[in-house]
Amino acid sequence: MNGDYINSNLDKQNTAYVIASYQPVKGASDLLRVAIKSILKNKDDSISLWVVDIGSPNSNHLVKPQEFPNVNFI
């Protein structure tokens, strides 16, 4: 995603972030899914959710963006 787009739009919305660090342990993906689902269930509609993956290999993301189409992934 274009960084200029992100920077210009962040100040126009309420934003929540989840920072996901790749952990090659059983259950890490499930835990992240639970966290995202919980945030989506409890957040206000005006809040944009961003998940920032800071370490997964490109072919092995903790959660596939297609699983949560209303969440922004970086």
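Colleague: What exactly am I supposed to notice about the overall build of the protein here?
Modeller: Counting its secondary structure elements, the protein contains two helices and three strands. Along the protein, helices (α) and strands (β) appear in the sequence α-β-α-β-β when read from the amino end. Burial status across the protein gives 23% buried among its 74 residues. Counting contacts in the protein only where the partners sit at least 6 residues apart, residues at least 24 apart contribute 72% of the total. Surface summary for the protein: the accessible area is close to 5200 Å², and the carbon and sulfur share equals 52%.

Colleague: Which parts of the structure should I look at to understand the pairing of strand S2 (residues 47-53)?
Modeller: Looking down a regular strand, the side chains alternate between one sheet face and the other. The element S2 is largely enclosed, with a buried count of five among its seven residues. Strand direction decides the pairing type here: strand S1 (residues 14-20) and S2, joined by seven bridges, are parallel. Each bridged residue has a counterpart across the sheet, and for Thr15 the counterpart in S2 is Ser48. Direction of pairing for S2 relative to strand S3 (residues 72-73): parallel, over a ladder of two bridges. Each bridged residue has a counterpart across the sheet, and for Val51 the counterpart in S3 is Phe73.

Colleague: Please clarify how the environment of Arg33 should be interpreted in this entry.
Modeller: Considering the arrangement of structural elements, one finds Arg33 in helix H2 (residues 28-42). Take Arg33: its relative accessible area is 22%, and that puts it in the partly exposed class. For the pair Arg33 and Phe68, spaced 35 residues apart in sequence, the C-alpha to C-alpha distance is 9.2 Å. Non-local contacts of Arg33, meaning those with residues more than four positions away in its chain, are made with Leu62, Val63, Glu67 and Phe68.

What counts and what doesn't
Residues numbered from 1 in each chain as written. Predicted model: local features only at pLDDT ≥ 70, side-chain atom pairs only at ≥ 80, totals over all residues. Heavy atoms only, no water. Helix = DSSP H or I, 4+ residues; strand = E, 2+ residues; numbered from the N terminus. Buried < 20%, exposed > 50% of the residue type's maximum accessible area, 1.4 Å probe, protein only. Contact = heavy atoms within 4.5 Å. Areas by Shrake-Rupley, 256 points an atom, 1.4 Å probe, with all protein chains shown as cover. Pairing = 2+ DSSP bridges.

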